[in-house]
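Read off the chains here:
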Amino acid sequence: MGMHHSTYFAYGIHVTTDRYAWEESEHADEALSEIQQSCPDIRTLSAGDYDRDHFFLVTKSHEVKLGTFEHVTPSTATPQQITDWDRQLLAAAIALGYTDTSAPGWLVVPDCS
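Just so you know, the residues in each chain are numbered from 1, in the order the chain's sequence is written. Whole-chain, interface and lining totals are the exception, using all residues; otherwise, since this is a predicted model, local features are given only for residues with pLDDT of at least 70 and side-chain atom pairs are given and counted only at 80 or more. Hydrogens and waters are ignored; side-chain quantities use all the structure's heavy atoms.

Q: Which residues make up helix α2 (residues 79–95), and what are the values?
A: Labels follow the DSSP assignment, with helices taken as runs of H or I lasting at least four residues and strands as runs of E lasting at least two, numbered in each case from the N terminus. One less than the residue count of a helix, multiplied by 1.5 Å, gives the span that helix is expected to have. Taking 1.5 Å of rise per residue, the 17 residues of α2 would be expected to cover 24 Å, and the 24 Å separating its terminal C-alpha atoms lies within 8% of that figure. Only protein chains enter the accessibility calculation, which uses a 1.4 Å probe. A residue is then buried if its area is under 20% of the maximum for its type, exposed if over 50%, and partly exposed in between. For α2, the set of buried residues is I82, W85, Q88, L89, A92 and A93. When α2 is viewed along its axis, its buried side chains cluster within an angular range of 130° and face the same direction. Pointing more than 90 degrees away from the buried face of α2 are the exposed residues P79, Q80, T83, I94 and A95. Note on contacts: a residue pair is in contact if any heavy atoms of the two residues lie within 4.5 Å. Those residues of α2 that are buried are in contact with β1 (5–15), α1 (21–32), β3 (52–65) and β4 (105–112). Downstream of α2 by one or two residues, G97 has phi in the positive range, about 80°. Read the arc as the range of directions from the helix axis to the C-beta atoms.

So far we have only geometry, and geometry alone does not tell us how the molecule works.
This is the structure we're talking about:
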């Protein structure tokens, strides 16, 4: 059994949940299909420390593999795009019943699986 290390760079929110992150992802993916029209950019991400993954709702998400890097600038997204992503993230969180979330923002999530 090998280990896979990577890092995700994403715009989104961290959601605290009592379920395992993979379980929450399955539940949320199903529910997100019902609000696809009003939140078209929202996806789920579960990543973290092997069997202690965290759960996130994200818009833009990119995997950065071990040994590579990303150049991030303030112009990664326009202010209008950020405003729209914030609206979608908060609407999705409310629709899915999440009350314990972080504020929307840029996330760097190391992952070991």
